[in-house]
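Observations on the three-dimensional arrangement
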Amino acid sequence: MAYKKILTIQDISCVGQCSLTVALPILSACGLETCILPSAVLSTHTAGFSGFTFRDLTDDMPAIQAHWQKEGIKFSAIYTGYLGSLKQIGYVKNILETMGTEDCIRVVAPAMADNGQLYSIFDMEYVEGMKDLCGVADILVPNITEACLMTGREYRTAYDEDYIRDLLQAVAALGAKKVVLTGVSFTPDTLGCMAYDSETGEFFSYFNHRDGASYHGTGDIFAATTLGGMMRGLSLYEALTLAVDFTLETILVTRSDPDAAWYGVEFERALPMLYRRLGDA
Ligand code: PXL
């Protein structure tokens, strides 16, 4: 296997078990060189902490990109998550369009909302900008809230397969080749994802056991694992299976620790699963 270099663009939440502090170790554990472009630096994530600091790194991006261009650096995959500003979306779009190798896989996780609500620093103008970024994605990984915000569909907590299929097709109309909707659950005991390939018109889904609790940062873990699996040669379906199973494992190991922090999962204790499952890939 050729040694693959990936770029991931997301914030550094110094404390919080999300974005870059989960994507980097997960992609490294998948055996992939992982380069980072921090979108912002925060003292903590924004979901549940108050008084966090926020340094937007938008204005550093053009010079960083220009240096990489001068060095002839290209990436086999580019994966974007939580970004720092509306203006930054334009820079990130340009990076997605110009900094990849010929066979580059572009993954966009809109990372701006959950549980029916936008994260605190974003507004509807940002949602419009994110819709534009989605158009350049090979694989787009929204949760149901993000998909609804970008398509104007009603957010529901109880739904059927027709609702999810319609949502997937509506999101795909923004231009992404494949869309993976996370946090999908059709029965009380199962949770997983459903995907749509706009080129073949096929839908597929994978579910595992649903643990009652909901944890912060699991969307970032899911997206990083999906990309890690694909870069190790798994098909999208195989990678999604790994991502659902691994995300559940991170929740289970966290639940088994009575002293676990409230703000994220102890994904480090689940990493051996990635080695085991990718050992033969
Ligand atoms: O996990 C998504 C995420 C990433 N980064 C920051 C966040 C959140 C969700 O709230 O606040 C800073």
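A look at empty space enclosed by the protein
Tallied over the full model, the rule gives one cavity of 30 Å³ or more. For the largest cavity, the calculated volume is near 30 Å³. Contributing to the lining of the largest cavity are Ile-105, Val-107, Ile-139, Val-141, Ala-223, Thr-226, Leu-227 and Met-230. Those elements that place two or more of their residues in the lining of the largest cavity are strand S5 (100-108) and helix H7 (218-231). For the lining of the largest cavity, the element with the highest residue contribution is H7, accounting for four residues. Grouping the amino acids of the lining of the largest cavity by side-chain chemistry returns seven nonpolar, one polar and no charged.

Focus: the sheet that holds strand S8 (residues 139-140)
The mixed open sheet is built from nine strands, whose spatial order is S3-S2-S1-S4-S5-S8-S9-S10-S11. With partners counted over all chains shown, the strands left at the sheet margins are strand S3 (54-56) and strand S11 (202-209), one partner each. Sheet topology note: the S5/S8 ladder contains two bridges and is parallel. Of the residues in S8, the one forming a bridge with Val-108 is Leu-140. Across the sheet, helix H1 (residues 20-29) lies against strand S1 (5-15), strand S2 (33-44) and strand S4 (75-80), angled at about 140 degrees from S1, the strand it touches most.

Looking at the side chain of Asn-143
As for its position among the elements, Asn-143 is in the loop between S8 and helix H5 (144-151). The buried category is assigned to Asn-143, whose relative accessible area is 11%. For Asn-143, the side chain forms a polar contact with the main-chain oxygen of Ala-113, separated by 2.8 Å. Side-chain polar atoms of Asn-143 contact the backbone nitrogen of Glu-146, separated by 2.8 Å. The residues contacting Asn-143, other than those within four sequence positions of it, are Ala-113, Asp-114, Leu-181 and Thr-182.

As for unusual backbone geometry
With a phi close to 55 degrees, Gln-17 is a non-glycine residue in the positive phi region. Looking at where Gln-17 falls in the secondary structure, it is placed in the loop between S1 and H1. At Ala-111, a position not held by glycine, the phi torsion is positive, near 30 degrees. Mapped onto the elements, Ala-111 comes out in the loop between S5 and strand S6 (113-114).

Quick notes on helix H2 (residues 61-71)
For H2, the complete set of buried residues consists of Met-61, Gln-65 and Trp-68. Down the axis of H2, the sector holding all buried residues measures 60 degrees, keeping them to one side. Counted as exposed and oriented over 90 degrees from the buried face of H2: Ala-63 and Lys-70. Buried residues along H2 sit against S1, S2, S4 and helix H3 (86-98). Of the residues one or two after H2, Gly-72 is the one with positive phi, at around 70 degrees.

Considering the pattern of salt bridges
On inspection of all chains with the given rule, the structure shows 11 salt bridges. The partner of Asp-211 in a salt bridge is Arg-255, and the shortest N-O contact between them spans 3.0 Å. With Asp-211 in the loop between S11 and H7 and Arg-255 in helix H8 (residues 236-255), this pair connects stretches of sequence that are 44 residues apart. On the accessibility criterion, Asp-211 (7% relative accessible area) is buried. Here Glu-266 makes a salt bridge to Arg-269, at a shortest N to O gap of 2.8 Å. Note on Arg-269: relative accessible area 44%, which makes it partly exposed.

Conventions used here
Residues numbered from 1 in each chain as written. Predicted model: local features only at pLDDT ≥ 70, side-chain atom pairs only at ≥ 80, totals over all residues. Heavy atoms only, no water. 1 Å grid on protein atoms, 1.4 Å probe; cavity = no way out; pocket = protein on both sides within 12 Å on 5 of 7 lines; lining within 4 Å. Points joined across faces, edges and corners; volume = space filled by probe spheres on them. Helix = DSSP H or I, 4+ residues; strand = E, 2+ residues; numbered from the N terminus. Nonpolar A, V, L, I, M, F, W, Y, C, P; charged D, E, K, R; others polar. Pairing = 2+ DSSP bridges. Contact = heavy atoms within 4.5 Å. Axes fitted to C-alpha atoms, helices over the stretch in contact; angles between N-to-C directions. Buried < 20%, exposed > 50% of the residue type's maximum accessible area, 1.4 Å probe, protein only. Polar contact = N/O pair within 3.5 Å; in protein donor to acceptor, adjacent residues only side chain to side chain. Arc of directions from axis to C-beta. Salt bridge = Lys/Arg side-chain N within 4 Å of Asp/Glu carboxyl O.

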